[in-house]
Amino acid sequence: MQLAVDVSLQNILALISQMTLHEIEEIKSKLVERELYFKKFTKDKILNIMNDFKKENYSNEFLKDLEDGLKKSSLYNAN
């Protein structure tokens, strides 16, 4: 089972402000241990993404919609 929860930055900071220094240090250690800090998203070429989906035998209609969506997405249009 997988559970996803959206938590705002404001809520996270409020929770952290209630923690002891020791608890904050534990969190910091876990972030460093798991390398969860300053990871930059590396975007792949749309062609590579499309080839991965084609290998999984998605329909041509789905593939066309996916490619069009990726080309219009803010992620691929960002500088």
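Here, the structure is the one placed above.
Just so it is clear, the structure is predicted and the values come from calculations on it, not from any experiment.

Caption draft 1: Region of the structure containing the overall build of the chain. What the chain contains, in helices and strands, is five helices and zero strands. Start at the N end of the chain and walk to the C end: the helices and strands fall as α-α-α-α-α. In terms of overall dimensions, the chain is more spread out than a globule: its C-alpha atoms have a radius of gyration of 19 Å, far above the 12 Å expected for 79 residues. Taking the principal axes of its C-alpha atoms as reference, the chain extends roughly 55 × 25 × 25 Å. Within the chain, the fraction of its 79 residues that count as buried is 10%. If you sum the accessible surface of the chain, you get close to 7600 Å²; carbon and sulfur atoms cover 55% of it. Charge-centre separation for the chain: the mean point of 12 positive side chains lies 7 Å from the mean point of 13 negative side chains.

Caption draft 2: Molecular detail of a nonpolar patch on the surface. Taken together, the side chains of Met1, Leu3, Val5, Val7, Leu9, Ile12, Leu13, Ile16, Leu21 and Ile24 present a nonpolar region at the surface, about 1100 Å² in accessible area. Elements with a minimum of two residues in the nonpolar patch: helix 1 (9–17) and helix 2 (21–33). The element that contributes the greatest number of residues to the nonpolar patch is helix 1, accounting for four residues. Note on placement: valine 5 falls in the segment before helix 1.

Conventions adopted
- Residues numbered from 1 in each chain as written.
- Predicted model: local features only at pLDDT ≥ 70, side-chain atom pairs only at ≥ 80, totals over all residues.
- Heavy atoms only, no water.
- Helix = DSSP H or I, 4+ residues; strand = E, 2+ residues; numbered from the N terminus.
- Rg over C-alpha atoms; globule rule 2.2 N^0.38 Å.
- Buried < 20%, exposed > 50% of the residue type's maximum accessible area, 1.4 Å probe, protein only.
- Areas by Shrake-Rupley, 256 points an atom, 1.4 Å probe, with all protein chains shown as cover.
- Lys, Arg positive; Asp, Glu negative; His and termini not counted.
- Charge placed at Lys NZ, Arg CZ, Asp CG, Glu CD.
- Patch = residues over 30% accessible without salt bridge, like charges linked within 9 Å, V, L, I, M, F, W, Y side chains within 5 Å.
- Salt bridge = Lys/Arg side-chain N within 4 Å of Asp/Glu carboxyl O.

The values reported here are purely geometric and, on their own, carry no functional implication.
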